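These are the residues of each chain, in order.
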Protein chains: 2
Amino acid sequence: MQGSIIDELKESFRVLPGVGPKTAQRMVLHLLQRDRHGGRLLGQKLLEAMERVGQCRMCRNLSESNLCAVCESAHRDRSQLCIVESPVDVVAIEQSASYRGCYFVLMGNLSPIEGIGPEELGMDALAHRCEDDVREVILALSASVEGEATAHYISELLKTSKVQVTRIARGIPIGGELEYVDGNTLALALSGRKPL
Amino acid sequence: MQGSIIDELKESFRVLPGVGPKTAQRMVLHLLQRDRHGGRLLGQKLLEAMERVGQCRMCRNLSESNLCAVCESAHRDRSQLCIVESPVDVVAIEQSASYRGCYFVLMGNLSPIEGIGPEELGMDALAHRCEDDVREVILALSASVEGEATAHYISELLKTSKVQVTRIARGIPIGGELEYVDGNTLALALSGRKPL
């Protein structure tokens, strides 16, 4: 009963994470029945963004220009370099408003199975960058096996340099009730205790 | 740290039903990092669909052409007219492969509060259509207050015509365990019992 464009649009929505056939259908019908203007705008912005967004040549973060806003800013501390896996991590840290240094976005973790090696993560560029004015490299990676492997690789990579490598603290999250914190985290929190 | 296009795209994704700021961000970063081709295609299809999809002049369903595939088909029974609220209902009934008649899509329900009256639902067109070769009008509307009101309006509208008005059956769904069926449905199912 429905023409091919509607079906094609439904199919196209499936590229989005977490969108199955039912959700795709709901999205398509919502836009067609109630928000054509929003749909048109979304289409335009998508084309624009896919075309114009590239990577910052300093930190590898997604950026419209050659240099992202952080790398370009004169107010950021260039001696601190926070290593994260993905642009979302940069957003999260920026929202916490607790960091004034710069970033380096790996865009992934070491994963031989998926064919992601040091080259794909820009380790050369990272080592090169650390030859300049960087004094501290802060590892803010996932507490997963891949994250650990990547952290280990980076600390080995920078062993001979004068850069200090640190890692963000692990322990119980604020507001976390002890009873619901998993055992590994609790063990880490205990062993990493600090004098009050 | 991120340019305005990325933020604008995130904002544009919020027009989709069920998409909040976090989901929008995940969608944008997924497309930018992993599936630019899919993102570009989605953008194109969106613009195309918003431009080209209109309504079938016979049944009011969404359609690219003047007549939708069902209304145009020579294999559908024009003496049966199934009244539904929305294009998704047509999809659902078509998927059940149990109906060979035609449809009439109200695109809503009577709702004075939202300013939806008989005119918005195309009741004139419906009455006009029933003057032709329609013998049975099957109401397949929601079992809500608005759905009931709409069903009542249509049965009044067609009272003087020779058209028979029926309503799809209500009862316990297949696979439904009695224990989990709500009381109203159970009461309807009991009062509507049939000899085996």
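Residues numbered from 1 in each chain as written. Chains lettered and ligands numbered in written order. Predicted model: local features only at pLDDT ≥ 70, side-chain atom pairs only at ≥ 80, totals over all residues. Heavy atoms only, no water.

Caption draft 1: Representation of the overall build of chain A within the structure. When helices and strands are counted, chain A shows eight helices and six strands. Along chain A, from the amino end to the carboxyl end, the secondary structure elements read α-α-α-β-β-α-β-α-β-α-β-α-β-α. The C-alpha atoms of chain A give a radius of gyration of 22 Å, which is well past the 16 Å a tight globule of 196 residues would have. A principal-axis box enclosing the C-alpha atoms of chain A has dimensions of 70 × 45 × 35 Å. Counting contacts in chain A only where the partners sit at least 6 residues apart, residues at least 24 apart contribute 50% of the total. One finds the centroid of the 22 positive side-chain charges in chain A at a distance of 5 Å from the centroid of its 26 negative side-chain charges. (Helix = DSSP H or I, 4+ residues; strand = E, 2+ residues; numbered from the N terminus. Rg over C-alpha atoms; globule rule 2.2 N^0.38 Å. Contact = heavy atoms within 4.5 Å. Lys, Arg positive; Asp, Glu negative; His and termini not counted. Charge placed at Lys NZ, Arg CZ, Asp CG, Glu CD.)

Caption draft 2: Fine view of the relation of the copies chain B and chain A. Of the transformation superimposing chain B on chain A, the axial component is 0.0 Å and the angular component is 180°, with the fit at an RMSD of 0.1 Å. The symmetry that links the two subunits is that of a two-fold axis. Identified as the residue of chain B closest to the rotation axis by C-alpha distance is Gly43 of chain B, at 2.0 Å. Here 100% of the interface residues in chain B have copies in chain A that are interface residues too; the copies meet face to matching face. (Least-squares fit on C-alpha atoms with pLDDT ≥ 70 in both.)

Caption draft 3: Broad picture of the pattern of salt bridges. Taken as a whole, this structure holds 19 salt bridges over all chains when the rule is applied. In this structure, Glu94 of chain B engages Arg76 of chain B in a salt bridge whose closest nitrogen and oxygen atoms are separated by 2.9 Å. Residue Glu94 of chain B is found in helix H5 (residues 87-96), and its partner Arg76 of chain B is found in the loop between helix H4 (69-72) and strand S3 (77-84); the two are separated by 18 residues along the sequence. One continuous salt-bridge network, built from bridges that share partners, spans Glu8 of chain A together with Lys45, Glu48, Arg52 and Glu64 of chain B. (Salt bridge = Lys/Arg side-chain N within 4 Å of Asp/Glu carboxyl O.)

Caption draft 4: Structural view of the sheet that holds strand S5 (residues 136-139) of chain B. All names here are of chain B. Strands sit in the order S4-S3-S5-S6 across an open sheet of four strands; the sheet is parallel. Either end of the sheet is taken by a strand with one partner, and the two such strands are strand S4 (101-105) and strand S6 (164-167). Taken pair by pair, the neighbouring strands of this sheet meet at an average axis angle of 25°, ignoring direction. As defined by bridge partners, S3 adjoins S4 across five bridges and the pair is classed as parallel. (Pairing = 2+ DSSP bridges. Axes fitted to C-alpha atoms, helices over the stretch in contact; angles between N-to-C directions.)

Caption draft 5: Structural context of the domain arrangement of chain A. Taken domain by domain, chain A consists of domain 1 (4-52) and domain 2 (78-167). Here the C-alpha centre of domain 2 of chain A lies 35 Å away from the C-alpha centre of domain 1 of chain A. (Domains from an automatic or database assignment.)

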